[in-house]
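# Tertiary structure, described
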Amino acid sequence: MSLITWTAAQYGTNVGFADEEHQTLFDKLNKLYDLATGGAERSAVGAQLDDLIAYVVEHFAHEEREMQAKGFAGYPAHKAEHDALVGICAGLQTKFHAGEAEVNEDVGQLVKGWLDNHIPKFDMAYAEALNS
Ligand code: FEO
């Protein structure tokens, strides 16, 4: 079963590129979760972890460029949220590849919880500015 399912009602921002990228991000997270909790080879889990984190970094950079282009006042707080998650992801990535951490149910729930908070609270807040 998928960890997280994108619906417009729960996660729609009314910003086209963001909604598309969030759906791709959810797909990559679900794939990682399925591999990690389904007993896949560790190398496959690691490859998917790297793919997901690279995509998250790319998505955050895209949002940040758009917010800056519009002079969005919420940019600093939003960027700080992004930087915090990237820091957590980078730490996990380093530890995973060193054999010191695993991707497991708790990791999946942590990322899901972060998205459940971040998209409604931060991403939805830029819609008016980015669509202006
Ligand atoms: Fe879609 Fe601010 O992350």
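For the structure, check the block above.
None of these values were measured; they are calculated from a predicted model.

### Concerning the overall build of the protein chain
- Within the protein chain, the regular secondary structure consists of six helices and zero strands.
- Along the protein chain, from the amino end to the carboxyl end, the secondary structure elements read α-α-α-α-α-α.
- When its C-alpha atoms are laid out on the principal axes, the protein chain stretches across 45 × 30 × 20 Å.
- Taking all contacts inside the protein chain whose residues are at least 6 apart in sequence as the whole, residues at least 24 apart take part in 72%.

### Points about the packing of aromatic side chains
- Summed over the entire model, instances satisfying the criterion amount to two aromatic pairs.
- When the centroid spacing of 5.7 Å and the interplanar angle of 45° are considered together, the rings of Phe60 and Trp114 count as tilted. Remark: Trp114 occurs in helix α5 (residues 105-123) and Phe60 occurs in helix α3 (residues 42-69); sequence separation between them is 54 residues.
- Given a relative accessible area of 15%, Trp114 falls into the buried group.

### Focus on the side chain of Gln48
- Along the polypeptide, Gln48 turns up in helix α3.
- Classification of Gln48 as buried rests on a relative accessible area of 7%.

### Points about the pattern of salt bridges
- The tally for this structure, following the rule as stated, stands at five salt bridges.
- A salt bridge links Asp116 to Lys112; the shortest N-O distance between them is 2.9 Å. In this pair, Asp116 and Lys112 are both assigned in helix α5, four residues apart and thus about one turn of the helix distant.
- Relative accessible area serves as the criterion here: at 27%, Asp116 is assigned to the partly exposed category.
- Beyond isolated ion pairs, a larger network of salt bridges with shared partners links Glu64, Lys79 and Asp83.

Definitions and limits used
- Residues numbered from 1 in each chain as written.
- Predicted model: local features only at pLDDT ≥ 70, side-chain atom pairs only at ≥ 80, totals over all residues.
- Heavy atoms only, no water.
- Helix = DSSP H or I, 4+ residues; strand = E, 2+ residues; numbered from the N terminus.
- Contact = heavy atoms within 4.5 Å.
- Phe/Tyr/Trp six-rings, centres within 6.5 Å; stacked < 30°, edge-to-face > 60°.
- Buried < 20%, exposed > 50% of the residue type's maximum accessible area, 1.4 Å probe, protein only.
- Salt bridge = Lys/Arg side-chain N within 4 Å of Asp/Glu carboxyl O.

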